[in-house]
Amino acid sequence: MNQLNSEAFVLFGQHILWSDMIGNILGLITLALGWRRSLWTWPVQFLSGLVLFGAFYGHLTGSAGKQVVVMAVALYGWWQWNRSKGRAADGQITPRFATWTERAAMVVAAAVGTVAVALLFKAYPSLSWDPWPDAYIFVGTIVAMYAQARGMVEFWFAWLLVDVVGVPLNFANGYAFSGFVYVIYGALVLWGMRDWWLRSRKGPAQSALEGAPA
């Protein structure tokens with residue numbers, strides 16, 4: 001792991017670590033696979049979390065802890081997509097919009113979770129140098145991944161909200177590559193959101209016709 005934490009190159013005066021670069025490239029692949037609704041999005045997400053855990057461990061304990069939770073949710077997503085009964089004609093999960101009850105539950109969970117985690121970070125300063133933004137990203141990431149595991153289109157909106165804070169925070173922490181990757185995340189999120197949105201508007205009958213052989 002020491003080799004992974006060594007410097008890969010310097011970009012615009014920022015020192016890029018191998019672990020930071022590899023972990024975030026895996027994160028981009030994860031997002032692209034999620035766009036395609038591929039089951040492989042979850043193993044790659046788990047591997048990304050594992051590498052980023054190595055990048056943050058010993059320097060940003062709170063961020064390292066976030067990756068442990070990310071890996072746990074990735075296992076949940078793998079299990080959820082494997083058992084999903086609402087598959088489209090192409091064999092992948094069928095995207096759907098969350099109900100108002102689900103949306104309210106996620107908003108409340110995000111708000112309460114952010115406050116709780118921020119207070120934890122403030123009580124133990126070694127966990128994070130900037131408790132509120134770090135807690136926001138921590139909880140927002142988990143909410144987004146949960147919504148993705150449930151096949152909800154809203155998970156793309158959640159990622160956009162995480163990106164708004166994630167970009168400046170990563171640059172401030174010295175993880176420039178993570179900051180640049182978050183910018184690319186934003187573009188992928190917009191494209192993926194459009195694709196899932198359109199698919200969610202297609203009824204089962206239309207999806208079946210599109211997937212049937214000519």
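Going along each chain's sequence as written, the residues are numbered from 1 onward. Where totals are concerned, whole chains, interfaces and linings use all residues; where local detail is concerned, this predicted model gives features only for residues with pLDDT of at least 70, and gives and counts side-chain atom pairs only at 80 or more. Values reported for side chains reflect all heavy atoms of the structure, with hydrogen atoms and water molecules removed beforehand.

Help me understand the overall build of the chain, please; the structure alone is not making it clear to me.
Regarding its fold elements, the chain presents eight helices and two strands. Exposure is judged per residue with a 1.4 Å probe applied to protein chains only, and the accessible area is read against the type maximum: over 50% gives exposed, under 20% gives buried, and values in between give partly exposed. Split into buried and exposed, the 214 residues of the chain put 44% on the buried side. The contact rule is simple, with two residues in contact once any of their heavy atoms fall within 4.5 Å. When contacts within the chain are restricted to residue pairs at least 6 apart in sequence, those whose partners lie at least 24 apart make up 66%. To be clear on the numbers: accessible area is Shrake-Rupley with a 1.4 Å probe, and residue cover counts the displayed protein chains and nothing else. Summed over its atoms, the accessible surface of the chain is roughly 11000 Å², and 70% of this surface lies on carbon and sulfur atoms. The secondary structure listing takes helices from DSSP runs of H or I that are at least 4 residues long and strands from runs of E that are at least 2 residues long, numbered from the N terminus.

Explanation requested: the pattern of salt bridges in the structure shown.
Definition used for salt bridges: Asp or Glu carboxyl oxygen within 4 Å of a side-chain nitrogen of Lys or Arg. Scanning the entire structure with this criterion turns up three salt bridges. Between Arg96 and Glu102 there is a salt bridge, with the nearest N and O atoms lying 2.9 Å from each other. Taking relative accessible area as the criterion, Glu102 reaches 22% and is therefore assigned partly exposed.

Just to check I follow, could you spell out the packing of helix 4 (residues 100-123) against helix 5 (residues 131-149) for this structure?
Axis angle and axis distance: for two packed helices, these are the angle between their axes and the distance between the axes, and together they describe the pair. Relative to each other, helix 4 and helix 5 sit at 145 degrees, their axes nearing to 8 Å. Seen from above, helix 4 lies across helix 5 with right-handed handedness. Together, Met106, Ala109, Ala110, Gly113, Thr114, Val115, Val117, Ala118, Phe121 and Lys122 of helix 4 and Pro131, Trp132, Asp134, Ala135, Tyr136, Phe138, Val139, Val143, Tyr146 and Ala147 of helix 5 make up the contact between the two elements. Only the contacting stretch of a helix is used when fitting its axis, a line to C-alpha atoms as for every element, and angles between N-to-C directions run 0 to 180 degrees. Handedness of a helix crossing follows the sense of rotation of the near helix relative to the far helix, less than a right angle counterclockwise being left-handed and clockwise being right-handed.

Sorry if this is basic, but what is going on with the packing of aromatic side chains here?
What characterises a pair of aromatic rings is the spacing of the ring centres plus the angle enclosed by the ring planes. Think of it this way: a Phe, Tyr or Trp ring, Trp meaning its six-membered ring, pairs with another when their centres are within 6.5 Å, and the plane angle makes it stacked under 30 degrees, edge-to-face over 60, tilted otherwise. A full pass over the atoms with the stated rule returns ten aromatic pairs. Between the aromatic rings of Phe121 and Phe138, the centroid separation amounts to 6.4 Å while the plane-to-plane angle is 20 degrees, which identifies the pairing as stacked. Placement of Phe121 in helix 4 and of Phe138 in helix 5 is noted, with a sequence separation of 17 residues between them. Assigned by exposure class, Phe121 and Phe138 land together as buried. One aromatic cluster is present, formed by Tyr76, Trp79 and Tyr146 through successive ring pairs. In this analysis the charged atom, NZ for Lys or CZ for Arg, is taken to sit over a ring once it is within 6 Å of the ring centre and within 35 degrees of the ring normal. Directly above the aromatic system of Trp100 lies the positively charged group of Arg103, at a separation of 4.5 Å from the ring centroid.

Teacher, can you tell me more about the nonpolar core here?
In a soluble, globular protein the nonpolar side chains are often hidden away together inside. Grouping buried Ala, Val, Leu, Ile, Met, Phe, Trp, Tyr and Cys residues that are joined through side-chain atoms within 4.5 Å yields what is termed a nonpolar core. Counting residues in each nonpolar core, the largest one holds 38 residues, and the members touching the most others are Leu31, Met145, Trp156, Trp159 and Trp196. Secondary-structure elements contributing two or more residues to this core are helix 1 (18-35), helix 3 (61-83), helix 4, helix 5, helix 6 (154-173) and helix 7 (176-200). Looking at this core, the element that brings in the most residues is helix 5, giving nine residues. Once residues lying within four places of it in the same chain are set aside, the contact partners of Trp159 are Leu31, Thr141, Ala144, Met145 and Val189.

Mind showing me how you'd approach the environment of Phe46 here?
With respect to the helices, strands and loops of the structure, Phe46 is situated in helix 2 (residues 41-56). Its relative accessible area of 30% is what places Phe46 among the partly exposed residues. Put simply, Phe46 and Ala72 are 26 residues apart on the chain and 8.0 Å apart in space, counted from C-alpha to C-alpha. When near neighbours in sequence (up to four residues on either side) are disregarded, Phe46 contacts Met71, Ala74 and Leu75.

Would you mind showing me how to read the layout of surface pockets here?
In this approach a probe as big as a water molecule rolls over the atoms, and the regions it shows empty are the leftover space. Here the largest pocket is characterised by a volume of approximately 340 Å³. The definitions used throughout rest on a 1 Å grid laid over the protein atoms alone, on which a cavity is an enclosed set of points accommodating a 1.4 Å probe that cannot get out and a pocket is an open set flanked by protein within 12 Å on both sides along at least five of seven lines; lining residues are those having an atom within 4 Å of a point. Along its surface, the largest pocket is lined by 16 residues, and Met106, Ala110, Val143, Ala158 and Leu161 are the ones closest to its centre. Looking at the lining of the largest pocket, the elements that each hand over two or more residues are helix 4, helix 5 and helix 6. Class assignment of the residues belonging to the lining of the largest pocket gives a composition of twelve nonpolar, two polar and two charged. Grid points are joined across faces, edges and corners, and a volume is the space filled by probe spheres set on the points. Each residue receives one of three labels: charged for Asp, Glu, Lys and Arg, nonpolar for Ala, Val, Leu, Ile, Met, Phe, Trp, Tyr, Cys and Pro, and polar for the others, Gly being one of them.

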